[in-house]
Amino acid sequence: MKITEKYLSDEKPDLLEIQEAKYIGDFAIRLIFNDGQKVLVDFKPFLEESKHPSIQKYLDENLFKGFQIKEGNLDWNDFDLCFPIKDLYNNTVSKKTVEI
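My aim in this report is to walk through the structure given alongside it, one point at a time. Since this is a predicted model, take the numbers as computed values, not measurements. (Residues numbered from 1 in each chain as written. Predicted model: local features only at pLDDT ≥ 70, side-chain atom pairs only at ≥ 80, totals over all residues. Heavy atoms only, no water.)

1. Some words on the sheet that holds strand 1 (residues 18-25)
Strands belonging to one sheet form pairs held by backbone hydrogen bonds; the direction of such a pair is parallel or antiparallel. As a reminder, the rule being used: Paired strands, as defined in this entry, are two strands with at least two bridges between them according to DSSP. Secondary structure elements are defined from DSSP: runs of H or I of at least 4 residues count as helices, runs of E of at least 2 residues count as strands, and each element is numbered from the N terminus. Whenever a helix is involved, its axis is fitted only over the stretch in contact; in every case the axis is a line through C-alpha atoms, and angles between N-to-C directions fall within 0 to 180 degrees.
Ordered in space as 1-2-3, the three strands form an open sheet in which the pairing is antiparallel. Each of the sheet's edge strands pairs with one partner strand only, and the pair in question is strand 1 and strand 3 (38-42). On average, each strand axis in the sheet is tilted by 20 degrees relative to the strand beside it, whichever way the strands run. Relative to strand 2 (residues 28-33), strand 1 is paired through six bridges, and the arrangement is antiparallel. Following the sheet pairing, Glu20 is matched in strand 2 by Ile32.

What follows is the structure in structure tokens.
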């Protein structure tokens, strides 16, 4: 019998990626990154403050909920709407932040 142990490391991954994304409601998405960081991002203030019609169209909740994780990033409609991963990680998409 071979016994194997796996230890968690404090090392950060070389490339930051989103592993999981779950729509919570009211334009908020809970993200889990590959380093274990969990963030609840409220996109509603950003969408409401935008003047650009290609961004405002995502105030349609059904369209907004159509996101997916693509290559470690949060993506809507083949990068029609996307955000820098660092802004998602730091929860700086808008000035308003949400506590988990």
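2. Section: the nonpolar core
Rules: Think of a nonpolar core as a cluster: buried Ala, Val, Leu, Ile, Met, Phe, Trp, Tyr and Cys residues, connected wherever their side-chain atoms sit within 4.5 Å. Working definition: with a 1.4 Å probe on protein chains only, accessible area under 20% of the residue-type maximum means buried, over 50% means exposed, and in between means partly exposed. Should any heavy atoms of two residues lie within 4.5 Å, those residues are counted as being in contact.
Core analysis: the largest hydrophobic core is formed by 21 residues, its most contacted members being Ile29, Phe43, Phe64, Leu74, Trp76 and Leu88. Mapped by element, the contributors of at least two residues to this core are strand 1, strand 2, strand 3, strand 5 (73-76) and helix 4 (85-89). Sequence-distant contacts of Leu88, defined by excluding residues within four places in its chain, comprise Ile18, Leu31, Phe33, Val39, Val41, Phe43, Leu74, Phe83 and Val93.

3. Quick look at the pattern of salt bridges
Operational definition: Note on definitions: salt bridges are taken to be side-chain nitrogens of Lys or Arg within 4 Å of carboxyl oxygens of Asp or Glu.
Evaluation of the coordinates by the stated rule reveals three salt bridges. Its salt-bridge partner being Asp26, residue Lys44 comes within 2.9 Å of it at the nearest N-O pair. Of this pair, Lys44 sits in helix 1 (residues 44-49) while Asp26 sits in the loop between strand 1 and strand 2, placing them 18 residues apart in sequence. Taking relative accessible area as the criterion, Lys44 reaches 23% and is therefore assigned partly exposed. Among the salt bridges present, the one from Lys57 reaches Asp80, with a minimum N-O distance of 2.9 Å. Taken together, the residues span a long stretch of sequence, with Lys57 in the loop between helix 2 (53-56) and helix 3 (61-64) and Asp80 in the loop between strand 5 and strand 6 (81-82) at a distance of 23 residues. Here Asp80 falls in the partly exposed class, since its relative accessible area comes to 33%.

4. Quick notes on the pairing of strand 2
Strand 2 sits mainly inside the fold: five of its six residues count as buried. Taken together, strand 1 and the strand that follows it, strand 2, pair antiparallel across an intervening segment of two residues, in which Asp26 is found at a positive phi of about 50 degrees. With five bridges joining them, strand 2 and strand 3 adopt antiparallel strand pairing. Looking at strand 3, one finds that Leu31 is bridged to Val39. Linking strand 2 back to strand 3 in an antiparallel pair, the connection comprises four residues, with Gly36 at a positive phi of about 95 degrees.

5. Things to note about the side chain of Asp42
The following threshold applies: Each polar contact in these results corresponds to two N or O atoms within 3.5 Å; when the atoms are within protein, one needs to be able to donate a hydrogen and the other to accept it, and residues that are neighboring in sequence are counted only if both atoms are side-chain atoms.
Position of Asp42 among the secondary structure elements: in strand 3. In terms of polar contacts, Asp42 uses its side chain to reach the backbone amide nitrogen of Lys44, at 3.0 Å.

6. Some remarks on unusual backbone geometry
Although it is not a glycine, Glu71 sits at a positive phi angle of roughly 55 degrees. Relative to the elements of secondary structure, Glu71 occurs in the loop between strand 4 (68-70) and strand 5. The backbone of Phe79 sits at a positive phi, close to 65 degrees, despite the residue not being glycine. Looking at where Phe79 falls in the secondary structure, it is placed in the loop between strand 5 and strand 6. Overall, Phe79 belongs to the partly exposed group, its relative accessible area being 34%.

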